[in-house]
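# Geometric and topological summary
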Amino acid sequence: MAKQTVRPMFPVNRVTQPSADFAEALREDSNRIFDWLYWASRMKTRDEQLYCFERAHYIDPYNREALDGINQLQRAAQQRLPVTAVVRRPWGTSAIDEL
């Protein structure tokens, strides 16, 4: 019997005062993982970053970068660390360019 996967729920937007970048990301409403990872790297607040990582995770539940970002933000929230403590990957280049 094939292993079934559970698709994550569509992320809930918890942002009450969106930045210009976040508003642009929502207007763009991309279906590409790397777009949402790029937007996550541009966000300044935890909720904006989390939403972007969750959108990437929704598109591809196995994407390591999205899962790592979500886990880092959750750990930072538990330890009450500022958002700047979360490691951001520069998304100006594709993963292929780095090989």
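## A look at the overall build of the protein chain
Within the protein chain one finds four helices and zero strands. Ordered by position in the sequence, the α and β elements of the protein chain form the string α-α-α-α. In the protein chain, buried positions account for 33% of the 99 residues. A separation threshold of at least 6 residues defines the contact pool for the protein chain, and within that pool the share at least 24 residues apart is 55%.

## A few points about the environment of Asp47
In this fold, Asp47 is placed in helix H3 (residues 46–59). Judged by relative accessible area, Asp47 falls into the partly exposed class, the value being 27%. In the structure, Asp47 is positioned 29 residues away from Pro18 in sequence and 9.5 Å away in space, judged by C-alpha atoms. In contact with Asp47, other than residues within four places in its own chain, are Arg14 and Val15. Of note is the side chain of Asp47, whose polar atom sits 3.3 Å from the side chain of Arg46.

## Thoughts on the nonpolar core
Formed by 17 residues in total, the largest nonpolar core has its most connected members in Phe22, Trp36, Leu37, Met43, Cys52, Phe53 and Ala56. Counting residues per element, the ones that place at least two in this core are helix H1 (20–28), helix H2 (33–42), H3 and helix H4 (64–78). Apart from the residues lying within four places of it in its own chain, the contact partners of Trp36 are Ala25, Leu26, Asp29, Ser30, Tyr51, Cys52, Arg55, Ala56 and Ile59.

## Comments concerning the pattern of salt bridges
What the rule picks out here adds up to seven salt bridges. Of the charged contacts, one joins Arg14 and Glu54 as a salt bridge, the two residues approaching to 3.5 Å between their closest N and O atoms. Separated by 40 residues along the polypeptide, Arg14 in the segment before H1 and Glu54 in helix H3 bring together distant segments of the chain. Judged by its relative accessible area of 39%, Arg14 is partly exposed. A salt bridge links Arg27 to Glu24, with the nearest nitrogen and oxygen atoms 3.1 Å apart. A residue pair is termed a helical-turn pair when its members lie 3 or 4 positions apart in one helix, as Arg27 and Glu24 do in helix H1 at three residues. Owing to a relative accessible area of 34%, Glu24 belongs among the partly exposed residues under this scheme.

Reading the values: the criteria
- Residues numbered from 1 in each chain as written.
- Predicted model: local features only at pLDDT ≥ 70, side-chain atom pairs only at ≥ 80, totals over all residues.
- Heavy atoms only, no water.
- Helix = DSSP H or I, 4+ residues; strand = E, 2+ residues; numbered from the N terminus.
- Buried < 20%, exposed > 50% of the residue type's maximum accessible area, 1.4 Å probe, protein only.
- Contact = heavy atoms within 4.5 Å.
- Polar contact = N/O pair within 3.5 Å; in protein donor to acceptor, adjacent residues only side chain to side chain.
- Core = buried A, V, L, I, M, F, W, Y, C linked by side-chain atoms within 4.5 Å.
- Salt bridge = Lys/Arg side-chain N within 4 Å of Asp/Glu carboxyl O.

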